Amino acid sequence: MLRRFLLAAPLLVLALAAPAQEADHPQNRPLVVGSDFGVAPWMVRGAGGPEGFGVDLMTEIAKRLGRPGVEIVDVNFSGLFAALFARRFEFTANPLNITEERAQRMLYTEPFFATGNGFITRRNETLAGLEALKGRAIAVNRGTISDTWATANAEKYGFEVQRYDTFPDSVQAVLTRRAFAAINEIPTTVYAASQNRQITVAFKDYTGRNFGIAFRPESREYRNRVEEVLECMKGDGFLARLHEKWYGAPPDAGSSMTQVFPGYGPPGLPGFEDTAHTPRCQ
């Protein structure tokens, strides 16, 4: 069941009065976005509600769009796209990889966070490279890009794939020795290892992947407006400061967290709009 958390409590009645509709985007209602709450430090349950990089990011996007707060719908990643198309929220807040297959079905913003595969193992285990996965069991968060990568490469490298509904469940599989390693995004795995001395990131496979925000296909104008907000955040350093706050270091120089791309959407993929523009920054 989807669980809703409101970051602007006085507006709860207004926010739940109707499903999110991008046709009007009422300025007097909180922004409604969707994310899996099991991806630290992006989005986790804190004592006062959701917290993390993604919460701060969505709160700032709402502010720059002139919306009074943000409501974050908590949904397992495996149901995220179905919830988007069912209009349960306006766009995704999840750390979502940009892929050509996904871009055929939905609209992405330009890239704003570079990533790749991080392999978590128990503290004393080592992993010299992908060839060392042969004969091992690998845990993944069901429906993620890590699941896609593992499925595509299981036969090549000779490992077994175990699928779990949340990232913490996949890590638990490693701790209980049901799996040798758990795969997730590099930033997520680095943070998880910093919080749990029983695990380590034994191998990092930088793949050139990037995160973007996804919208329904009919939301092109709205996608473009939110992308301009992201471009402003890159230009004024907000995204870089947020990365340092939650991941403990500034982003790499020249990464997609600071680079503004031409047009709207991910260049070279479906949904890209080759329109020159100057972002409307406040």
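Residues numbered from 1 in each chain as written. Predicted model: local features only at pLDDT ≥ 70, side-chain atom pairs only at ≥ 80, totals over all residues. Heavy atoms only, no water.

This part is about helix H2 (residues 53–65). Counting along an α-helix, one turn takes 3.6 residues, and residues three or four places apart therefore face a common direction. Taking 1.5 Å as the rise per residue, H2 with 13 residues should run 18 Å; its terminal C-alpha atoms sit 18 Å apart, in good agreement. Counting buried positions along H2 yields 10 of 13 residues, so the element is predominantly enclosed. Of all the residues in H2, the buried ones are Phe53, Gly54, Val55, Leu57, Met58, Glu60, Ile61, Ala62, Arg64 and Leu65. Count one or two residues on from H2 and you reach Gly66, which has phi positive near 80 degrees. (Helix = DSSP H or I, 4+ residues; strand = E, 2+ residues; numbered from the N terminus. Expected span 1.5 Å × (residues − 1). Buried < 20%, exposed > 50% of the residue type's maximum accessible area, 1.4 Å probe, protein only.)

Quick look at the packing of aromatic side chains now. Two aromatic rings are characterised by how far apart their centres lie and by the angle between their planes. Applying the stated criterion across every chain yields a total of 16 aromatic pairs. Aromatic pair Phe53 and Phe113: ring centres 5.5 Å apart, planes at 75 degrees, arrangement edge-to-face. One end of the pair, Phe53, is in helix H2; the other, Phe113, is in strand S9 (residues 113–122), with 60 residues separating them in the sequence. Of the two residues, Phe53 and Phe113, neither departs from the other in class, the shared state being buried. Consider the rings of Trp149 and Tyr157, whose centres lie 6.3 Å apart with planes at 20 degrees: the pair is stacked. Judged on exposure class, the residue Trp149 and its partner Tyr157 are both buried. Between Arg64 and the ring centre of Phe238, over which it is positioned, the NZ or CZ distance is 5.5 Å. (Phe/Tyr/Trp six-rings, centres within 6.5 Å; stacked < 30°, edge-to-face > 60°. Lys NZ or Arg CZ within 6 Å of the ring centre and 35° of its normal.)

Counting 33 residues, the largest nonpolar core has Leu31, Trp42, Leu57, Met58, Ile61, Phe91 and Ile213 as its most contacted members. Of all the secondary structure elements, the ones that give two or more residues to this core are strand S2 (31–35), H2, strand S5 (70–74), helix H8 (220–235) and helix H9 (238–247). Sorting elements by how many residues they give to this core places H2 first, with 7 residues. (Core = buried A, V, L, I, M, F, W, Y, C linked by side-chain atoms within 4.5 Å.)

What follows covers the pairing of strand S12 (residues 181–185). With 5 of its 5 residues buried, S12 lies for the most part within the structure. Pairing between S9 and S12: 4 bridges, direction antiparallel. Residue Phe119 lies in a different strand from S12, and its bridge partner there is Ile183. Of the pairings in the sheet, the one linking strand S10 (residues 137–141) to S12 comprises 3 bridges and is parallel in character. Looking at S12, one finds that Ile138 is bridged to Ala181. (Pairing = 2+ DSSP bridges.)

Quick look at the sheet that holds strand S13 (residues 199–212) now. Strand order in this open sheet of 6 strands is S7-S13-S9-S12-S10-S11, and the pairing throughout is mixed. Of all the strands in the sheet, just strand S7 (96–97) and strand S11 (160–164) have a single pairing partner and so form its edges. The strands touched by helix H6 (residues 167–175) within the sheet are S9, S10, S11, S12 and S13, with S9 carrying the most contacts at an inclination of about 30 degrees. (Contact = heavy atoms within 4.5 Å. Axes fitted to C-alpha atoms, helices over the stretch in contact; angles between N-to-C directions.)

Turning next to the side chain of Glu231. Mapping Glu231 onto the fold places it in helix H8. In this structure, Glu231 is buried with no salt-bridge partner, the nearest side chain bearing the opposite charge being Lys234 at 6.7 Å. A polar contact of 2.9 Å, which involves the side chain of Glu231, links it to the side chain of His277. Beyond its immediate stretch of four places on either side in the chain, Glu231 contacts Glu110, Val260, Phe261, Gly263, His277 and Pro279. (Lys, Arg positive; Asp, Glu negative; His and termini not counted. Salt bridge = Lys/Arg side-chain N within 4 Å of Asp/Glu carboxyl O. Polar contact = N/O pair within 3.5 Å; in protein donor to acceptor, adjacent residues only side chain to side chain.)

Cis geometry marks the peptide bond from Ala40 to Pro41; its omega dihedral reads 0 degrees. As for its position among the elements, Pro41 is in the loop between S2 and strand S3 (44–46). The backbone of Arg177 shows a phi angle near 65 degrees, a positive value even though the residue is not glycine. Owing to a relative accessible area of 61%, Arg177 belongs among the exposed residues under this scheme.

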